[in-house]
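Listed here are the chains, written in short residue letters.
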Amino acid sequence: MRAYGRRVADLLRAGDLVVLTGPLGAGKTTFTQGLGEGLGVRGQVASPTFIIARVHPPLGAGPALVHVDAYRLGSLDELDALDLDESLEDSVTVVEWGEGLAEVLSEDRLEVTITRPVGGTSDADLEQADVGERHVAVRGVGPRWAGVVLPA
């Protein structure tokens, strides 16, 4: 997931929105760590679950990475309260658990859906979350992504 995130980072520029979807343990944060490495941002990219949003400034001339975890957000109003539109055009913004909420931020976005094998809903399944092959589907939405070849 991290290597794939680095490949996707090569396509990203300031103003891009990435909406991540997938179950617990699918690799959304690991994918975002790869994006951070590829973009060359400062700080350890970790799940922002309890702080909701974290900004990673660039180490060089590239854009900052704004990493949002929308898991605990219950409405568009709560997402709007984060003022993501203030930094959207200057940063790459990644919203985990953003499906159904973050699409309003931009008509142009990458929608990344990660799936992993699951056997049920027990705690043991989460303990085995690192096991198994992930499947990633990436879809570019809007004029920004027209004609862009996305990594397989």
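Residues numbered from 1 in each chain as written. Predicted model: local features only at pLDDT ≥ 70, side-chain atom pairs only at ≥ 80, totals over all residues. Heavy atoms only, no water.

A. The environment of His 56, seen in detail. Its location among the elements puts His 56 in strand β2 (residues 53-56). Relative accessible area serves as the criterion here: at 2%, His 56 is assigned to the buried category. Considered as a pair, His 56 and Val 45 are 11 residues apart in the sequence and their alpha carbons are 7.7 Å apart. Apart from the residues within four sequence positions on either side, His 56 is in contact with Val 41, Arg 42, Gly 43, Gln 44, Val 45, Ala 64, Leu 65 and His 67. (Helix = DSSP H or I, 4+ residues; strand = E, 2+ residues; numbered from the N terminus. Buried < 20%, exposed > 50% of the residue type's maximum accessible area, 1.4 Å probe, protein only. Contact = heavy atoms within 4.5 Å.)

B. Broad picture of the packing of helix α1 (residues 2-9) against helix α2 (residues 28-39). Following both chains from N to C, one finds α1 and α2 inclined at 45°, their axes separated by 6 Å at the closest point. Viewed along their axes, α1 and α2 adopt a mutual orientation that is oblique. α1 and α2 meet at a crossing whose hand is right-handed. Mapping the contact onto sequence places Arg 2, Tyr 4, Gly 5, Arg 6, Val 8 and Ala 9 in α1 and Thr 30, Phe 31, Gln 33, Gly 34, Leu 35, Glu 37, Gly 38 and Leu 39 in α2. Here the contact of α1 with α2 is built from residues that sort into six nonpolar, five polar and three charged. (Axes fitted to C-alpha atoms, helices over the stretch in contact; angles between N-to-C directions. Parallel < 35°, antiparallel > 145°, perpendicular 65-115°, else oblique. Left-handed = near helix turned anticlockwise from the far one by under 90°. Nonpolar A, V, L, I, M, F, W, Y, C, P; charged D, E, K, R; others polar.)

C. Geometry of the nonpolar core. By size, the foremost hydrophobic cluster in this structure holds 19 residues, and its most contacted members are Leu 12, Val 18 and Phe 31. Secondary-structure elements contributing two or more residues to this core are α1, β1 (17-21), α2, β4 (91-96) and β5 (109-115). In this view, Val 18 contacts Leu 12, Phe 31, Thr 93, Val 94, Val 95, Leu 110 and Val 112; residues no more than four positions away in its chain are not counted. Counting eight residues, the second largest nonpolar core, distinct from the first, contains Leu 17, Val 68, Val 95 and Ala 102. (Core = buried A, V, L, I, M, F, W, Y, C linked by side-chain atoms within 4.5 Å.)

D. Structural context of the environment of Gly 132. Position of Gly 132 among the secondary structure elements: in the loop between α5 (123-127) and β6 (135-141). C-alpha separation for the pair Gly 132 and Ala 26, spaced 106 residues apart in sequence, amounts to 9.9 Å.

E. Representation of the side chain of Arg 116 within the structure. If you trace the backbone, Arg 116 turns up in the loop between β5 and α5. By relative accessible area, which is 10% here, Arg 116 ends up buried. From its side chain, Arg 116 meets the backbone oxygen of Leu 24 in a polar contact 3.0 Å long. (Polar contact = N/O pair within 3.5 Å; in protein donor to acceptor, adjacent residues only side chain to side chain.)

F. Structural view of the side chain of Gln 33. Checked against the element boundaries, Gln 33 lands in helix α2. In contact with Gln 33, not counting residues within four places along its chain, are Arg 2 and Val 45.

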